[in-house]
Amino acid sequence: MTTETIQITLPDGSTRDVPKGTTPAQIAEQIGPRLLKAAFVARVDDELVDLAKPLEQNSKLAILTSKDPDSLQVFRHSAAHLLAAAVMELYPNVKLGIGPPTETGFFYEFVREEPFTQQDLEKIEAKMHELAEKDIPNERKWLPKPEALELYRSTNQEFKCELVEEKATEPMVSFYTTGKFIDFCRGPHIPSTGRIKAFKLMNVAGAYWKGQEGNPQMQRIYGAAFLEQKDLDEYLHKLEEAKRRDHRKLGAELDLFSIQDEAGPGLVFWHPKGGIVRREMEDWQRAELTKRGYDLVFTPHIMLLDLWKTSGHAGFYSANMFGPVEVEKADYQLKPMNCPGHVLIYKSHLRSYRELPVRLAELGNVYRYERSGVLHGLLRVRGFTQDDAHIFCMPEQIEKEVEDCIRFAWEALRVFGFDRYEVELSGGDRSRPEDYAGSPEEWDKAEGALRSTLERMNVPYKFIPGEAAFYGPKIDVKLVDAIGRPWQLTTVQFDFNLPKRFKLEYVGEDGSRHQPLMVHRALFGSIERFFGVLIEHYAGAFPAWLAPVQVSVLPVSGKFSEYAEKVTKQLKHAGFRVHYDDRNEKLQAKIRDAQLQKIPYMLIIGGKEAESATVSVRHRAKGDLGPRPTEEFSADLRREIDTKAVV
Ligand SMILES: [Zn+2]
Ligand SMILES: [Zn+2]
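These notes cover the structure that comes with them. (Residues numbered from 1 in each chain as written. Chains lettered and ligands numbered in written order. Predicted model: local features only at pLDDT ≥ 70, side-chain atom pairs only at ≥ 80, totals over all residues. Heavy atoms only, no water.)

### Some points on the overall build of the protein chain
Point 1. In terms of regular secondary structure, the protein chain is built from 20 helices and 33 strands.
Point 2. Its C-alpha atoms give the protein chain principal-axis dimensions of about 100 × 80 × 55 Å.
Point 3. By the burial criterion, 50% of the 647 residues in the protein chain qualify as buried.
Point 4. Considering only contacts within the protein chain whose residues lie at least 6 apart along the sequence, 68% involve residues at least 24 apart.
Point 5. Of the roughly 31,700 Å² of accessible surface on the protein chain, 51% is carried by carbon and sulfur atoms.
Point 6. Looking at charge distribution, the protein chain has the averaged site of its 88 positive side-chain charges lying 3 Å from that of its 97 negative ones. (Helix = DSSP H or I, 4+ residues; strand = E, 2+ residues; numbered from the N terminus. Buried < 20%, exposed > 50% of the residue type's maximum accessible area, 1.4 Å probe, protein only. Contact = heavy atoms within 4.5 Å. Areas by Shrake-Rupley, 256 points an atom, 1.4 Å probe, with all protein chains shown as cover. Lys, Arg positive; Asp, Glu negative; His and termini not counted. Charge placed at Lys NZ, Arg CZ, Asp CG, Glu CD.)

### A few points about the coordination of the zinc ion (ligand 2)
Point 1. Listed as protein donors to the zinc ion (ligand 2) are Cys339 (SG), His390 (NE2) and His520 (ND1); their distances from the metal cover 1.9 to 2.4 Å.
Point 2. Read from N- to C-terminus, the donor residues coordinating the zinc ion (ligand 2) fall into the pattern C-x50-H-x129-H. With Cys339 in helix H12 (residues 339-346) and His520 in strand E28 (residues 517-526), this pair connects stretches of sequence that are 181 residues apart.
Point 3. A relative accessible area of 3% means that Cys339 is categorised as buried.
Point 4. Classification of His520 by relative accessible area gives buried; the value is 11%. (Donors = N, O, S within 2.8 Å, 3.2 Å for Na, K, Ca; no water.)

### Structural notes on the packing of helix H9 (residues 272-291) against helix H13 (residues 398-415)
Point 1. Two elements in contact, H9 and H13, have axes whose closest approach is 12 Å; the angle formed by their N-to-C orientations is 150°. One finds that H9 runs roughly antiparallel with respect to H13. Helix-helix and strand crossings are classified by hand; for H9 and H13 the assignment is right-handed. Contacts between H9 and H13 involve Trp284, Glu288 and Leu289 from the first element and Phe408, Glu411, Ala412 and Val415 from the second.
Point 2. Taken together, the residues that form the contact of H9 with H13 break down as five nonpolar, no polar and two charged. (Axes fitted to C-alpha atoms, helices over the stretch in contact; angles between N-to-C directions. Parallel < 35°, antiparallel > 145°, perpendicular 65-115°, else oblique. Left-handed = near helix turned anticlockwise from the far one by under 90°. Nonpolar A, V, L, I, M, F, W, Y, C, P; charged D, E, K, R; others polar.)

### Let's talk about H12
Because an α-helix packs 3.6 residues into every turn, residues spaced three or four apart end up facing the same way.
Point 1. For H12, the tally of buried residues reaches six of eight residues, placing the bulk of the element in the interior.
Point 2. Those residues of H12 lying buried are Cys339, Pro340, Gly341, His342, Val343 and Tyr346.

### Some details on the coordination of the zinc ion (ligand 1)
Point 1. Distances from the zinc ion (ligand 1) to its protein donors, His77 (NE2), His81 (NE2) and Cys185 (SG), fall within 2.1 to 2.4 Å.
Point 2. Within one chain, the residues donating to the zinc ion (ligand 1) are spaced in sequence as H-x3-H-x103-C. Separated by four residues within a single helix, His77 and His81 lie in helix H3 (residues 69-90), roughly one turn from each other. Comparing His77 with His81, the two get one shared label, buried.

### Details of empty space enclosed by the protein
Point 1. Taken as a whole and assessed by the stated rule, the structure comprises two cavities of 30 Å³ or more.
Point 2. By volume, the largest cavity amounts to about 90 Å³.
Point 3. Lining the largest cavity are Leu254, Leu256, Lys273, Gly540, Phe542, Ala547, Pro548, Val549, Gln597, Lys598 and Ile599.
Point 4. When grouped by side-chain class, the residues that make up the lining of the largest cavity number seven nonpolar, two polar and two charged.
Point 5. The calculated volume of the second largest cavity comes to roughly 80 Å³.
Point 6. What lines the second largest cavity is simply Gly428, Asp429, Arg430, Pro433, Tyr436, Gly438, Ser439, Pro440 and Trp443.
Point 7. Grouping the amino acids of the lining of the second largest cavity by side-chain chemistry returns four nonpolar, three polar and two charged. (1 Å grid on protein atoms, 1.4 Å probe; cavity = no way out; pocket = protein on both sides within 12 Å on 5 of 7 lines; lining within 4 Å. Points joined across faces, edges and corners; volume = space filled by probe spheres on them.)

### Focus: helix H17 (residues 561-573)
Point 1. With 13 residues, H17 extends 18 Å from end C-alpha to end C-alpha; this agrees with the ideal 18 Å at 1.5 Å per step.
Point 2. Every buried residue of H17 is listed here: Tyr563, Ala564, Val567, Thr568 and Leu571. Projected onto a plane normal to the axis of H17, the buried residues spread over an arc of 140° and lie on a single side. Of the exposed residues in H17, the ones pointing more than 90 degrees away from its buried face are Glu562, Lys566, Lys569 and His573.
Point 3. On the buried face of H17, the contacting elements are strand E29 (551-555), strand E30 (578-580), strand E31 (601-605), helix H19 (607-612), strand E32 (614-619) and helix H20 (630-642).
Point 4. Note on H17: the residue one or two positions beyond its end, Gly575, has a positive phi of about 95°. (Expected span 1.5 Å × (residues − 1). Arc of directions from axis to C-beta.)

### Concerning the layout of surface pockets
Point 1. Taken as a whole, the largest pocket encloses approximately 970 Å³ of empty space.
Point 2. Lining of the largest pocket is provided by 35 residues; of these, Tyr317, Met337, Arg368, Gln386 and Thr491 occupy positions nearest its centre.
Point 3. Contributions of two or more residues to the lining of the largest pocket are made by helix H11 (313-316), strand E21 (383-393), strand E24 (474-480), strand E25 (486-495) and E28.
Point 4. The greatest single-element share of the lining of the largest pocket, amounting to six residues, is contributed by E28.
Point 5. When the residues that make up the lining of the largest pocket are grouped by side-chain class, the tally is 14 nonpolar, 11 polar and 10 charged.
Point 6. Its boundaries defined by the atoms lining it, the second largest pocket holds a volume of some 610 Å³.
Point 7. Forming the walls of the second largest pocket are 23 residues, and the residues nearest its centre are Lys167, Phe184, Cys185, Arg186 and Gly187.
Point 8. For the lining of the second largest pocket, the secondary structure elements donating two or more residues are H3, strand E8 (138-144), helix H6 (158-167), strand E9 (172-178) and strand E10 (181-184).

### Some thoughts on the nonpolar core
Across soluble globular proteins, nonpolar side chains have a tendency to be buried as a group.
Point 1. In this structure, Met281, Phe416, Ile475 and Phe542 are the most contacted members of the largest nonpolar core, which totals 84 residues.
Point 2. Formed by 35 residues, the second largest nonpolar core is a distinct cluster that contains Ala80, Phe199, Ile221 and Ala225. (Core = buried A, V, L, I, M, F, W, Y, C linked by side-chain atoms within 4.5 Å.)

### Some words on the environment of Ile136
Point 1. Inspection of the secondary structure puts Ile136 in the loop between helix H4 (118-133) and E8.
Point 2. Residues Ile136 and Lys180, 44 residues apart in the sequence, show an inter-C-alpha distance of 9.9 Å.
Point 3. Dropping the residues within four chain positions of it, Ile136 is found in contact with Leu131, Thr178, Gly179, Ser192 and Thr193.

### With respect to the packing of aromatic side chains
Point 1. This structure, assessed with the given rule, holds 31 aromatic pairs.
Point 2. Each ring, one from Phe470 and one from Tyr471, has its centre 5.2 Å from the other, and the planes form 90°; the classification is edge-to-face.
Point 3. Look at Phe470 and you get partly exposed, because its relative accessible area is 26%.
Point 4. When the centroid spacing of 5.4 Å and the interplanar angle of 75° are considered together, the rings of Tyr601 and Phe633 count as edge-to-face. In this pair, Tyr601 sits in strand E31 while Phe633 sits in helix H20, placing the two residues 32 residues apart along the sequence.
Point 5. For Phe633, a relative accessible area of 2% corresponds to the buried category.
Point 6. A connected cluster of aromatic rings, assembled from ring pairs, spans Trp284, Tyr294, Phe408, Phe416, Phe418, Phe524, Phe530 and Trp545.
Point 7. Here Arg451 stacks its cationic end above the ring of Phe463, 4.4 Å away from the centre of that ring. (Phe/Tyr/Trp six-rings, centres within 6.5 Å; stacked < 30°, edge-to-face > 60°. Lys NZ or Arg CZ within 6 Å of the ring centre and 35° of its normal.)

### Describing the environment of Cys185
Point 1. With respect to the helices and strands, the residue Cys185 is situated in the loop between E10 and strand E11 (199-208).
Point 2. With 13 residues separating them along the chain, Cys185 and Ala198 place their C-alpha atoms 23 Å apart.
Point 3. Residues contacting Cys185, with those up to four places away along its chain left out, are His77, His81, Ser174, Phe175 and Tyr176.

Here is the structure:
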């Protein structure tokens, strides 16, 4: 008997001759039993396959362990099957939908009369652990298509029937079994259930079959799954942290802002304490704008709809705009953007090259229609304040302008206490020039300018072709917060559209008319959203310069009110935001309340302090700092605030 041999090339370039039909698992075992134990799946000529799949021809083979990100996806898909297997054991009459991996785990969707409850999830999770411990193999089976359909028809799995009808293009249909559970699936899967240990069922969410409104309602059970318990623990901890830091919860507890049903969804009320933080954010920004050569402008909130027709927003942006308002037979439009207003200021007189660059900045309120379902605290709203600016310049000035915008963004990051960021450059798709404003040459130049600026500044960035809006390429800066979440912050965006539509010009050195380049740039993006990010980043414990109340004066009892009032007055005089807590409460209660309000400093005042003209200083995070002369405390706090220190 002759066996045909095939040649297998491993990732290090070495080759092995093996009999045809050898499996990746067998090769892994030959390389070493430890590799086989660590293996999840194999990659054969760029395709992921089961470790048990016989190899039929010469091919490249990689055995994937936990080091390969593809392993995790396959593992999570197998966890989805384990979930479905457990659900089928406990609730044999459910109908199955689909069950793919997700970014943090998996889901499987079911149709069942009753909703799955928290208790159900606990039961299912326990059953999953039980099935996992049995180390049941995930085996691939093949059935002729008519038999596959009959199998699902006879068990009332109409959604699966639909999938087989649509997706099975070959005569033989691929299935995977996990014990009694059988699923129409192309795989691949990890060999058995034994390694699925680090998972947790998270929640149930409604979804339409195939995501289409009007289709039957499915119940999706979502789970988190990781290869290692420590990764799952870390993920769950991060979720807890995010919950603790939720700006909607803290916004109410710290009395910073509200969104009120009586006024409408997505519209923000800044309470006095939130207002203080906002004023500090804006004061900083206005001072920086002036320093950096911007001119501050103000433009109307409502302007003729015709203006928005000229700008094009009435066409390409209409889905995001509030409807027009009619006054004296003319239609007016609530502004969704500040750009056309700034364009009109630029156009108010003929500009000379000597005036360029013109940098117009505005803390501009804009209103955008967002579906009520997507609104989220301060992060997605219908009315917000953009810290917006438009730069009109000559081509030879553009790189310097872009660089200045990025330096401005860095300064904002530093001042507000962020030390990590990510940069993305979004370019156009050259294969669809008809979809874009501006010629391919203009796009090349603009992208080139953005790229060479980033490279000259040594900024690492990710290039995303095809991501740009139709009117020009852009740079996005995302900050990374205290628990590692990225947030969109600064945008520097070219615009080839508006200068043409509004026929913008300047008189060049040569005496003839030219079209200026136009750049939109926002620093925080939206003041509301950035405030939400700040609340979550600091978990409400703002640094002293931003804190709505910087110092709380706490007399031990009414006996010391005279001295406590004197200290309060002295500190208020020095310009600090001071709260004098003269309630008839125990000191412990006053300290607890100040801690809950995340006030940076508490000054405790009793007999000793009154006699020696000192204060006993307590910091919300560092605890007791001992007695200090009032003057000295005042000078230190002044320095902390003036340097915008993050303590
Ligand atoms: Zn599957
Ligand atoms: Zn703009």
